[in-house]
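Spelled out, the chains give:
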Amino acid sequence: MKRSPGAEPATVPEPPKFQASASAFTAALVRFLRALAGLFGLELREASGEALLIGLLGLAFVVASVLAYLFLLIGLTVAVVSLLGGEWAAALLVLFALHALAAAVIFVLLRRRTTKTKVLFLGTREALRREVKKLS
């Protein structure tokens, strides 16, 4: 094949430089995170009244529970000490064992509950799932 005298050879476009690619990726990531934060904020505003009520009820529950637990501990400690004939150290070890067992049971229940919860922030979760699917 002959080249025509005035035609220039076809040039291969130069691949983008690393800095340009990195800055484009960073800009896209920032836009994505801003959009995701906006979606999260929108969902949070929609649920704000309900969240405030739930938060206040939760706080009241925690205060009442702590006070009830404190009085229960005092009564239980006095009962265990009287059963053990005045041995405070043994009574405290028994109470420690009961609390460690209760903490273990609560931890197991918490782990089960956190793996089952799928209803919080559905829009944000769906957006993240779609983006992760696009990336993989």
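Quantities reported herein were computed from a predicted structural model and do not represent experimental measurements. (Residues numbered from 1 in each chain as written. Predicted model: local features only at pLDDT ≥ 70, side-chain atom pairs only at ≥ 80, totals over all residues. Heavy atoms only, no water.)

Asker: So, the side chain of Thr77: which residues are in play, and what are the values?
Answerer: Positionally, Thr77 belongs in helix H2 (residues 48–83). Those residues within four positions of Thr77 in sequence are excluded, and the remaining contacts are Trp88 and Leu95. (Helix = DSSP H or I, 4+ residues; strand = E, 2+ residues; numbered from the N terminus. Contact = heavy atoms within 4.5 Å.)

Asker: Lay out the side chain of Glu43 in plain terms, naming residues and giving numbers.
Answerer: Here Glu43 lies in helix H1 (residues 18–46). Summary of buried charges: Glu43 has no salt-bridge partner, and the nearest side chain of opposite charge, Arg125, is 8.6 Å away. A polar contact of 2.9 Å, which involves the side chain of Glu43, links it to the side chain of Thr124. Setting aside chain neighbours within four positions, we find Glu43 in contact with Phe121, Leu122, Gly123 and Thr124. (Buried < 20%, exposed > 50% of the residue type's maximum accessible area, 1.4 Å probe, protein only. Lys, Arg positive; Asp, Glu negative; His and termini not counted. Salt bridge = Lys/Arg side-chain N within 4 Å of Asp/Glu carboxyl O. Polar contact = N/O pair within 3.5 Å; in protein donor to acceptor, adjacent residues only side chain to side chain.)

Asker: Explain the layout of surface pockets residue by residue, including any values.
Answerer: Reported here for the largest pocket is a volume of approximately 190 Å³. Every residue lining the largest pocket is listed: Phe25, Ala28, Leu29, Phe32, Leu128, Glu131, Val132 and Leu135. Among the residues making up the lining of the largest pocket, the classes are represented as 7 nonpolar, no polar and 1 charged. (1 Å grid on protein atoms, 1.4 Å probe; cavity = no way out; pocket = protein on both sides within 12 Å on 5 of 7 lines; lining within 4 Å. Points joined across faces, edges and corners; volume = space filled by probe spheres on them. Nonpolar A, V, L, I, M, F, W, Y, C, P; charged D, E, K, R; others polar.)

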